[in-house]
Structures are given as C-alpha cells and as structure tokens.
Amino acid sequence: MNIVILTGAGISAESGIKTFRGNDGLWENHRVEDVATPEAYCANPELVLSFYNARRHALLNTGIQPNAAHTALARLQYSHHDVTLITQNVDNLHERGGSPSVLHMHGELLKQICTGCADVTLIEWAQTVRDVCACCSAVGTLRPDIVWFGEMPKLMDEIYSALDRADVFVAIGTSGRVYPAAGFVEVASASGAHTIEINLEASDVAPAFAEHRIGPASEQVVEWVNELLAD
Ligand code: NAD
C-alpha cells in the first residue's frame, strides 16, 4: 500500500517543542512576521539568527527526545508498505526516532545555506551575521536553511508525485493553516486516497478528511500504526 504521511508541529509537542499556533498566536513569544520571513531577515538579521540559534540550541541541549509517535512512523517505514514521510517540522526528531527518509518541505534547523553559492552545510552552533561560507568564502551570506513564510517549499515535485500515487494520506498534528501543505488532503482525495486526520482537535481543513482520530499523537499514531501492521 502507498502511504503518504504529513506531519506538523503537533507531533513534536509531546517531545517538548512548542507548536506554532498556541493560544497567543505567537511562536516562542515572537510574531512570525518578525522572525520567519525574508523581510524580517533583511530588516533585522541579528534578531532572526538569534531566534533560530535559540531553537537549535534547545533542540540539541535540552534533553528533547523523539516520542512514541515518531518511532511508530519509523517502524511503519521499515514495514512492507511504501511510505513517504513529509514533515513541515524543522526539528530532527523523525530522523532521531529512526526514520530512514524524511522530506523536510520547510527546511531544517540543523542546516545552513549560502545565499551566494547555494552550498548547504550542517550546523550545530550559533550563526552570526559575520560567518564565512566555507565553499565560496563570502562573508555574511549564510542563513538558516529554513523555508520562511512567502518562500517556496522544498521537494514539491517529489511530494506531489507521492500524493498522486497515495492509497492512504494521513496528516498528523498540523493546524491546516499553512499552504501548500494544508491543500495536500485535497490532492490525495482527488487521487482516490483514503484520508485520515490525527490531531488533538479538528484542524482548519478537517472537513476535507474522511476519517478523524482525535487525541495526542503519542497515542493515536501508535494505535493507527499497530492496526495497519496487524492487517
Ligand atoms: P501548528 O503549530 O500550526 O499546529 C499544530 C497542530 O498540532 C494544532 O492543530 C494542534 O491542535 C495539534 N497538536 C498539538 N499538540 C498535539 C499532540 N500532542 N498530538 C496531536 N496533535 C497536536 O503547526 P503546523 O501546522 O505544523 O504549522 C507550523 C509551522 O511552523 C510549520 O510550517 C513549521 O515549519 C513551523 N514549526 C515547526 C516546529 C518544529 O519543527 N517542531 C515547531 C513549531 C513551528
């Protein structure tokens, strides 16, 4: 069976990473316009870099670990099913949970990209506006390899081709407010896939799904994977 999974911030919430749409509408006390747009980076690169430095530091240094939902999806990827795992998350908890392949459509916290030569490198430390690109030696051209609001998500050809082939499409812990990811359910439905939403509450695009499993990802995802693997 071809299974396409889309995960959002909710799958990492029980690992201790805050989601984006809390009750206050802020992301770690910041308005997204101030820290997650190309305009914000242009206006105040120090603030944007310090925001992502703090997220990276927390991911690496505060004991954050993958939870049962991440490891269950990895187990499913090693089964006889053909599983495409797409995440909007910039953390590395799917990989640390054992997933062999993850499509990071919004980029990764532990990568930086040079705006001069497009070289992508791993980064586990704090970025500064004076960093030098190891590939082209330019100064100040390195930025987080994150897709900011208003920028084109990554890997879209691969993602739409997987959605076209999907027998089952599952969205886990995503609010359905960020496009194009929020529209994947419509694409999968049009291809004849059975669609499932797993979330603490109904998302903004809940009516587009055929099946709903309401509850914490650490319970609902494990239950769903166990059912699939028992069949
Ligand atoms: P979102 O914050 O907009 O929505 C999170 C959703 O998860 C909500 O619908 C919420 O009800 C649900 N949820 C919360 N806890 C849950 C749990 N324990 N089990 C199941 N569901 C739960 O997230 P989004 O839709 O992914 O959009 C946020 C954007 O911000 C993304 O583009 C992402 O790149 C970025 N972001 C990433 C991270 C991360 O990498 N972990 C964290 C915050 C934001």
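Residues numbered from 1 in each chain as written. Predicted model: local features only at pLDDT ≥ 70, side-chain atom pairs only at ≥ 80, totals over all residues. Heavy atoms only, no water.

## Let's talk about the overall build of the chain
In terms of regular secondary structure, the chain is built from nine helices and nine strands. The C-alpha atoms of the chain give a radius of gyration of 18 Å, which matches the 17 Å a tight globule of 231 residues would have. Counting only C-alpha atoms and orienting by the principal axes, one finds that the chain spans roughly 55 × 35 × 30 Å. A buried classification covers 48% of the 231 residues belonging to the chain. In the chain, the proportion of contacts linking residues at least 24 apart, taken out of those at least 6 apart, comes to 64%. Here the chain has roughly 10700 Å² of accessible surface; of this, 52% comes from carbon and sulfur atoms. (Helix = DSSP H or I, 4+ residues; strand = E, 2+ residues; numbered from the N terminus. Rg over C-alpha atoms; globule rule 2.2 N^0.38 Å. Buried < 20%, exposed > 50% of the residue type's maximum accessible area, 1.4 Å probe, protein only. Contact = heavy atoms within 4.5 Å. Areas by Shrake-Rupley, 256 points an atom, 1.4 Å probe, with all protein chains shown as cover.)

## Points about the sheet that holds strand 6 (residues 142-146)
Strand order across the open sheet formed by three strands is 5-4-6, with antiparallel pairing between neighbours. Single-partner strands in this sheet number two, and they are strand 5 (120-122) and strand 6. Here the strands of the sheet are splayed against their neighbours by 45° on average, with no regard to which way each runs. The strands touched by helix 4 (residues 45-61) within the sheet are strand 4 (107-114) and strand 6, with strand 4 carrying the most contacts at an inclination of about 135°. (Pairing = 2+ DSSP bridges. Axes fitted to C-alpha atoms, helices over the stretch in contact; angles between N-to-C directions.)

## Re the environment of Ala193
Mapping Ala193 onto the fold places it in the loop between helix 8 (184-190) and strand 8 (194-199). For the pair formed by Ala193 and Asn61, sequence separation is 132 residues and the distance between their alpha carbons is 40 Å. Residue contacts for Ala193: discarding those within four places in its chain leaves Ala166, Asp167, Val168, Phe169 and Ala188.

## Brief notes about the sheet that holds strand 9 (residues 211-214)
With parallel pairing, six strands are arranged side by side in an open sheet as 3-2-1-7-8-9. Edge positions in the sheet fall to strand 3 (103-104) and strand 9, since each of these pairs with one other strand and no more. As paired elements, strand 2 (residues 82-87) and strand 3 share two bridges and run parallel to each other. When the bridges of strand 3 are listed, Ile86 appears paired with Leu103. The sheet contacts of helix 7 (residues 156-165) involve strand 1 (2-7), strand 2, strand 3 and strand 7 (168-172), and relative to strand 1 the element is tilted by about 130°.

## Considering helix 9 (residues 217-230)
Spanning 14 residues, helix 9 covers 19 Å between terminal C-alpha atoms, matching the ideal 20 Å at 1.5 Å per step. Of the residues making up helix 9, those classed as buried are Ala217, Ser218, Gln220, Val221, Trp224, Val225 and Leu228. Looking at the buried side of helix 9, the elements it contacts are strand 1, helix 1 (10-13), helix 5 (68-77), strand 7, strand 8 and strand 9. (Expected span 1.5 Å × (residues − 1).)

## Section: the pattern of salt bridges
For side chains of opposite charge, pairing can occur when their charged atoms come near one another. If you walk through the whole model with that rule in mind, you get seven salt bridges. In this structure, Asp34 engages Arg31 in a salt bridge whose closest nitrogen and oxygen atoms are separated by 2.9 Å. Overall, the relative accessible area of 46% leaves Arg31 in the partly exposed class. With its nearest N and O atoms 2.8 Å apart, the salt bridge here joins Glu211 to Arg213. The exposure class assigned to Arg213 is buried, which follows from its relative accessible area of 14%. Within this structure, Glu211, Arg213 and Glu227 form a network of salt bridges that share partners. (Salt bridge = Lys/Arg side-chain N within 4 Å of Asp/Glu carboxyl O.)

## Things to note about the packing of aromatic side chains
Scanning the model with the defined rule gives six aromatic pairs in all. Aromatic pair Tyr41 and Trp148: ring centres 5.1 Å apart, planes at 40°, arrangement tilted. Placement of Tyr41 in helix 3 (residues 38-43) and of Trp148 in the loop between strand 6 and helix 7 is noted, with a sequence separation of 107 residues between them. Ring centres of Phe169 and Phe209 lie 6.3 Å apart, and the angle between their planes is 20°; on these two criteria the pair is classed as stacked. In this pair, Phe169 sits in strand 7 while Phe209 sits in the loop between strand 8 and strand 9, placing the two residues 40 residues apart along the sequence. An identical accessibility class is assigned to Phe169 and Phe209; each is buried. Among the aromatic residues, ring-to-ring pairing joins Tyr41, Phe51, Tyr52 and Trp148 into one connected group. Here the guanidinium or amino end of Arg55 rests over the ring plane of Phe51, the centre of that ring lying 4.6 Å away. (Phe/Tyr/Trp six-rings, centres within 6.5 Å; stacked < 30°, edge-to-face > 60°. Lys NZ or Arg CZ within 6 Å of the ring centre and 35° of its normal.)

## Here we look at the environment of Asn29
By the secondary structure assignment, Asn29 is in the loop between helix 1 and helix 2 (32-35). The exposed category is assigned to Asn29, whose relative accessible area is 63%. The sequence separation of Asn29 and Ile5 amounts to 24 residues, and the corresponding C-alpha distance is 29 Å.

Keep in mind these numbers describe shape, not what the thing actually does.
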